[in-house]
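Take a look at the letters that make up each chain.
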Amino acid sequence: MTDEIGIGELAESFSEFLGTEWPREKAVAYARGSAVYAEDLWSQVAALGWTALTVPEAQAGLGMGLSATAALHDALGAAAAPLPMLGNTLAIALIEAAGTADQKEALLSGLADGSVRASFAHPDATILDADGSVLDGQVADMLDVASATHLFLRGTHAGKSVWIVLPTATSGVSIERTLLADASRTLGTVILSSVAISPEHLMTPEDAAALDDDLLRVAAVSLAADALGGGNATLAATVDYMKGREQFDRVIGSFQALKHRVADHKAALEAARGLVDHAASLDADAPSALLAALTAKQHVTRVVAEIARDCIQLHGGVGFTSEYVPHIYLKRAKLNEALFGTRSVVLDRIADILEAA
Amino acid sequence: MSRTYDILGKVGDEQAFRQEIREWLAECTPKNWRVKWQGVREEDLKSEIIAWLGERRKVGLGTPHWPKEWGGPGLPFTYQIMVYEELSRADAPELDMFTISLFHTPATLFEHGTQEQKDRYLHGITHGTDIWCQGFSEPGAGSDLASLRTSARREGDHYVLNGQKIWSSGAMNAQYCLLLARTDNSGKRKHDGISYFILDMKTPGVEVRPIRQITGESEFAEIFMDDVKVPVENLIGAEGNGWNIAQSTLSTERGLLIFGSVERLARSFELDGKDARDTWMRDVQFRREYAALYGELQSVRLMIRQLLIELEANPDKASPTLPTFIKLIWGPFLQRYTEFLLRAEGLETQKWQPAIPGTSNSSRLRFNDFLKSYGWTIAGGSNEIMRNIISERILGLPRG
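Residues numbered from 1 in each chain as written. Chains lettered and ligands numbered in written order. Predicted model: local features only at pLDDT ≥ 70, side-chain atom pairs only at ≥ 80, totals over all residues.

Colleague: Tell me about the domain arrangement of chain A, and name the residues and values.
Modeller: Residues and elements named next belong to chain A. Looking at the assigned domains, one finds that chain A contains domain 1 (7-113), domain 2 (118-203) and domain 3 (208-356). Between domain 2 and domain 3, the C-alpha centre-to-centre distance is 29 Å. Contact with domain 2, which involves ten residues of that partner, is made by eleven residues of domain 3. (Domains from an automatic or database assignment. Contact = placed C-beta atoms within 7 Å.)

Colleague: I'd love a proper account of the interface of chain A and chain B, names of residues and values included.
Modeller: Listed by partner, the interface residues are 31 residues for chain A and 29 residues for chain B. Elements represented by at least two residues in the side of chain A that touches chain B include exactly α7 (208-244), α8 (256-281), α9 (289-315) and α11 (343-356) of chain A. When its residues are assigned to classes, the side of chain A that touches chain B shows 14 nonpolar, ten polar and seven charged. (Helix = DSSP H or I, 4+ residues; strand = E, 2+ residues; numbered from the N terminus. Nonpolar A, V, L, I, M, F, W, Y, C, P; charged D, E, K, R; others polar.)

Colleague: How would you sum up unusual backbone geometry? Please name residues and give values.
Modeller: Positive phi, normally seen in glycine, also occurs at D141(A), with a value near 55°. By the element assignment, D141(A) lies in strand β3 (residues 134-143). By the C-beta count within 10 Å, which is 17 here, D141(A) ends up partly exposed. Here D91(B), not a glycine, exhibits a phi torsion of approximately 55°, which is positive. Judged by the 18 C-beta atoms lying within 10 Å of it, D91(B) falls in the partly exposed class. (Buried ≥ 20, exposed ≤ 12 C-beta atoms within 10 Å, placed from the backbone.)

Colleague: Got a sec to walk through the environment of A220(A)? Specific residues and values, please.
Modeller: All names here are of chain A. Mapping A220 onto the fold places it in helix α7. Residues A220 and A80, 140 residues apart in the sequence, show an inter-C-alpha distance of 17 Å. Discounting residues that sit within four places of it in the chain, A220 has contacts with A293, L294, A296, K297 and F340.

Colleague: Describe the sheet that holds strand β7 (residues 187-196) of chain A, and please don't skip the residues or the numbers.
Modeller: Residues and elements named next belong to chain A. Spatially, the three strands line up as an open sheet ordered β3-β7-β6, and their pairing is antiparallel. A strand with exactly one partner marks an edge of an open sheet, and here the two such strands are β3 and β6 (173-178). Within the sheet, the average angular offset between the axes of one strand and its neighbour, ignoring direction, is 10°. Both β6 and β7 contribute to a ladder of six bridges, which runs antiparallel. Note that in β7 the partner of R177 across the bridge is G188. (Pairing = 2+ DSSP bridges. Axes fitted to C-alpha atoms, helices over the stretch in contact; angles between N-to-C directions.)

Colleague: So what's going on with the confidence of the model for chain B? Which residues, and what values?
Modeller: Mean pLDDT over chain B stands at 93; residues scoring 70 or higher make up 98%. Confidence, read as mean pLDDT per element, is least for helix α7 (residues 242-250) of chain B in chain B (87) and greatest for strand β5 (residues 194-200) of chain B (98). (pLDDT = per-residue confidence, 0-100.)

Colleague: Lay out the domain arrangement of chain B in plain terms, naming residues and giving numbers.
Modeller: Residues and elements named next belong to chain B. If you check the domain split of chain B, you get domain 1 (8-94), domain 2 (129-241) and domain 3 (254-394). Look at where the C-alpha atoms of domain 2 and domain 3 centre, and you get two points 30 Å apart. Taken together, the contacts link five residues of domain 2 with eight residues of domain 3. For the side of domain 2 that touches domain 3, the class distribution of residues is one nonpolar, three polar and one charged.

Colleague: Account for helix α10 (residues 326-338) of chain A, naming residues and giving values.
Modeller: All names here are of chain A. Relative to the 18 Å expected for 13 residues at 1.5 Å per residue, α10 spans 19 Å between its end C-alpha atoms, a close match to the ideal helical length. Of all 13 residues making up α10, eleven are buried, and the element is well covered by its neighbours. Listing the buried residues of α10 in full gives P326, H327, I328, Y329, L330, K331, R332, A333, L335, N336 and E337. In this structure, the buried side of α10 is in contact with α2 (24-32), α4 (66-79), α7, α9 and α11. With its phi angle positive at about 50°, F340 sits one or two positions after the end of α10. (Expected span 1.5 Å × (residues − 1).)

Colleague: Which residues make up the nonpolar core, and what are the values?
Modeller: In terms of nonpolar packing, the biggest core is built from 170 residues, with V221(A), A224(A) and V276(A) touching the most fellow members. Looking at this core element by element, the count peaks at 16 residues for α7(A). Residues in contact with V221(A), not counting those within four places in the same chain, are L66(A), T69(A), A70(A), V276(A), A279(A), A280(A), A293(A) and A296(A). If you look at the next biggest cluster of nonpolar residues, it comprises 48 residues, including L109(B), W132(B), A174(B) and L179(B). (Core = buried A, V, L, I, M, F, W, Y, C linked by C-beta atoms within 7 Å.)

Colleague: Go over the packing of helix α1 (residues 7-21) of chain A against α4(A), please, and point to the residues and values.
Modeller: All names here are of chain A. The geometry of α1 relative to α4 is characterised by a closest axis approach of 9 Å and an angle of 25° between their N-to-C directions. Taken as axis vectors, α1 and α4 run roughly parallel relative to one another. At the point where α1 passes α4, the crossing takes the right-handed sense. The segment α1 lies against α4, with I7, L10, A11, F14, S15 and L18 engaging S67, A68, A71, L72, D74, A75, A78 and A79. (Parallel < 35°, antiparallel > 145°, perpendicular 65-115°, else oblique. Left-handed = near helix turned anticlockwise from the far one by under 90°.)

Colleague: I'd love a proper account of the environment of L216(A), names of residues and values included.
Modeller: Residue and element names in this part refer to chain A. Summarising the element assignment, L216 is placed in helix α7. A residue is classified by how many C-beta atoms lie within 10 Å of it, and L216, with 21 of them, is buried. Sequence separation between L216 and L128 is 88 residues, and the spatial gap between their C-alpha atoms is 19 Å. Not counting the four nearest positions on each side in its chain, L216 is found in contact with P123 and F340.

This is the structure we're talking about:
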């Protein structure tokens, strides 16, 4: 499969499908409601195999790598698609690296067909004590938890870092959704009170720190790709608008002050693409893989957040209305910037890596 | 006693090729050249550069990017890239003064020159030390180059040139100039009626005045022409076709010049961080800024690599827009980074020092490098022109 489909063709098929099924009007309308995710769209993309991209072929997946993941998240960002994909992307990577044979059997095929939707703990999420037979505690800011079927939580067991995998339907688990500015994704708090756990709920990585880095790498590339897609989409929408809107008997797209701003945005996005493609192309064990991923994350999410900010301004008054699309992208861009490490945290890590080189 | 290096003989084995260049550079790069070249007189600098060019010629790398037909080594593009990469990594000096001679003149003559012109002029470049300059811009024709007004009037077997050129790099040392002048004023478009000449700088009526730059150096000059006679055989291509030929002159460096500059900067970027281990890298704000600038630097390097990959695959199919994006990202990044170093390193950076030629944008003299960064945002079509090109030709917005 990997050999048969090029990443370019894959990316084209993603954006073609979403362009038809999730046009700007749908994204705008969706943001006015309060759904936790676009359930029908999820079923459609799962049926197309999008959820199976990185699942190994042995578990009915497509066995593709991070470049495919990046192409997928780029397309999701471009459509501002309300799909809880990132949790699944990370859960697949985790299970492959640290899951037991039984856990792989139990979870991967569900992740591949989309019936499992994972909510995945942040790198700095609360670490739960999993030494006993019951679990108590709270984990805040779990991404896409309101639509999840499974929780992937951080814990310690017998002095080691572990991952705890729990179905959301488990007795004692309750979830409180937090409303976000970005309506295309959700956060929520998981409350655990006397949740019975057993060894089959735990995954114990051999090298927990290395695995954390690798999961961070996958998250960073996915978020950078999502940002890039969103940046390109909001700029395209803005340029379209500038070609049609007339003031002083001229289309506003003919004013040089505005043209130069969008030209800078376009150039910045072209430069950003290189960082995403490069980070996605590196093998997990390449010496600069984490550095490239974090660099892409901090740079691309920042650049796109600024572009998305300016795209509202370039729309003028209508940019301030919820009917027009730029606010959707601005909100998503700001969330991408904050997820999985704010910029300062990421920059500090990059500086550490540069200094250690 | 230096050993014999057979760099060209290693083509076919990338690793051996690279290794051979590294060993050659380790031995033959002029020792302490940064110190020696700093503040030397123009004439001494010229002989230093010529000596280095001579060293490069000994191993066949005088003109690594030249095809066999031009008398070059005919290296595959990947190997050309490796040469420039290794030259930058070893901090070997750049061949300042020879840029036009080694890139623009041969490209122009090989594509558009007559056999007589090739025979007459190329030998002085391949085997001699002829220095060429370029006479394109004028005081009234900078970014809007096509509005140039230097006139060339045909009189029998020669043209008579009158006018003024500006921003000619190295014109003070040049024997010849690639010159654009207007032979016809009646054209419908201002691009019509421009012709392309070879000007012998020793011709009576040519006067060169160096321009003192904000860096204190005088790399540029003005060229004044007062009834300068240029023989008809010095016309390149057809009369009136100069604009088209100029476009090909400008597009011939195939990304290698900018690649060299950026790789040099990447090297000094790394050194800057290391040298600041106990100073500004211990300041959380500067440290973060440095980490953020690393992202910008990488994005430029990746774009250039992409361009080189495309050019290698098929020069005719390479993205025509990528060079424009690169220019618009690289110059401002360089300006931000060099300015960052002024802030991070404080008062020390304010103390004036003579520039170091041959270091491209990485002399590591902070204020000089900062000032020199404008070369990339103004020269070769200012970045404002690049923004017009992107918004009109790429994004399809209407002309104002």
